[in-house]
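Listed below are the residues making up each chain.
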Amino acid sequence: MYQQMRVAKHTNSIDNVQEFYTTKLGFEVLGSFDGNDGYNGIFLGLKNQGWHLEFTQSSEKMERKSDPDDMIVLYYKSEKEYFNTLKGLKDVEKFVPRNPYWQVNGVLIKDPDGNQIILCYNPDVVQ
């Protein structure tokens, strides 16, 4: 069994991505690196959770080719935290997910790179 999960994404604007995830979604900067074989990177997530997102930037431009159902899903344990996050996203555009389940059970936003993020509060799913 794995001990940690990292989802890695390439970006053209690591500073914008960092600001979005930390100020809009409450993620923490867990680490970073500069000049690693031409890459700079940042690790974003929540401490002691066993997962995080890694964003890298290099001289190679990001090429995003994703399906409308490719997304990051954030399940909130607390209804209060979920609605507080939504309040902080008043200035962030909301989108209609293709999947009917998420149209009813989530809120779809996009990060500065266009990565789709579903925010969901469902106490039946979160243990």
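Please refer to the structure higher up on the page.
Worth saying up front: this structure is predicted, and the values here are computed from it rather than measured.

**Let's talk about a nonpolar patch on the surface**
Part 1: A contiguous nonpolar patch, built from Met 1, Tyr 2 and Met 5 and spanning about 450 Å² of accessible area, is present on the exposed surface.
Part 2: Inspection of the secondary structure puts Tyr 2 in the segment before strand E1 (5-10).

**Looking at the environment of Glu 81**
Part 1: You can see Glu 81 is positioned in helix H2 (residues 79-87).
Part 2: Distance in space between the C-alpha atoms of Glu 81 and Asp 37 is 39 Å, their sequence separation being 44 residues.

**Some remarks on the pairing of strand E6 (residues 107-110)**
Part 1: The pairing of E6 with strand E7 (residues 116-121) spans four bridges and is antiparallel. Across the sheet, the residue bridging to Lys 110 is Gln 116, located in E7.
Part 2: Between E6 and E7, which follow one another and run antiparallel, lie five residues, and Gly 114 among them has a positive phi close to 90°.

**Some remarks on helix H1 (residues 14-24)**
Structurally, the α-helix is built with 3.6 residues per turn, so residues lying three or four positions apart point the same way.
Part 1: Residues of H1 that are buried: Ile 14, Val 17, Phe 20 and Tyr 21. Mapping the buried residues of H1 onto a view down its axis gives an arc of 130°, with all of them on the same face. Of the exposed residues in H1, those oriented more than 90 degrees away from the buried face are Asp 15, Glu 19 and Thr 23.
Part 2: Buried positions along H1 lie against strand E3 (39-45), strand E4 (51-57), strand E5 (72-76), E6 and E7.
Part 3: Remark: Gly 26 follows H1 within two positions and exhibits a positive phi of approximately 75°.

**Digging into the sheet that holds E3**
Backbone-to-backbone hydrogen bonds join strands into a sheet, with any given pair of strands oriented parallel or antiparallel.
Part 1: Strand order across the open sheet formed by four strands is E1-E4-E3-E2, with mixed pairing between neighbours. Each having just a single partner strand, E1 and strand E2 (28-36) make up the two edges of the open sheet. Neighbour to neighbour, the strand axes of the sheet diverge by 20° on average, direction disregarded.
Part 2: Inspection of the sheet shows E3 paired to E4 by six bridges, in the antiparallel sense. Bridge pairing in E4 places Gly 45 opposite His 52.
Part 3: H1 rests against E2, E3 and E4 of the sheet, and its axis sits at about 5° to E3.

Here is what the cut-offs are and how they apply
- Counting from 1, residues in each chain are numbered in the order their sequence is written.
- Reporting of local features is limited, given that this is a predicted model, to residues whose pLDDT is at least 70; pairs of side-chain atoms are given and counted only at 80 or more, and all residues count toward the totals for whole chains, interfaces and linings.
- For side-chain calculations, the full set of non-hydrogen atoms in the structure is used, while hydrogens and water are omitted.
- To count toward a patch, a residue needs a relative accessible area above 30% and no salt bridge. Like charges then connect within 9 Å, nonpolar side chains (Val, Leu, Ile, Met, Phe, Trp, Tyr) within 5 Å.
- Each accessible area is a Shrake-Rupley estimate made with a 1.4 Å probe; only the visible protein chains count as cover when residues are assessed.
- Only one rule defines a salt bridge in this text: a Lys or Arg side-chain nitrogen within 4 Å of an Asp or Glu carboxyl oxygen.
- Starting at the N terminus, helices and strands are each numbered in turn, a helix being any DSSP run of H or I of at least four residues and a strand any DSSP run of E of at least two.
- A pair of strands is considered paired only if DSSP assigns at least 2 bridges between the two.
- Type-normalised accessible area, obtained with a 1.4 Å probe on protein chains alone, sets the label of each residue: buried when under 20%, exposed when over 50%, and partly exposed for intermediate values.
- Of all possible arcs, the one meant is that of the directions from the helix axis to the C-beta atoms.
- Contacts are assigned to residue pairs that have any heavy atoms within 4.5 Å of one another.
- Axes here refer to lines fitted to C-alpha atoms; in helices the fit is confined to the stretch in contact. Angles between the N-to-C directions go from 0 to 180 degrees.

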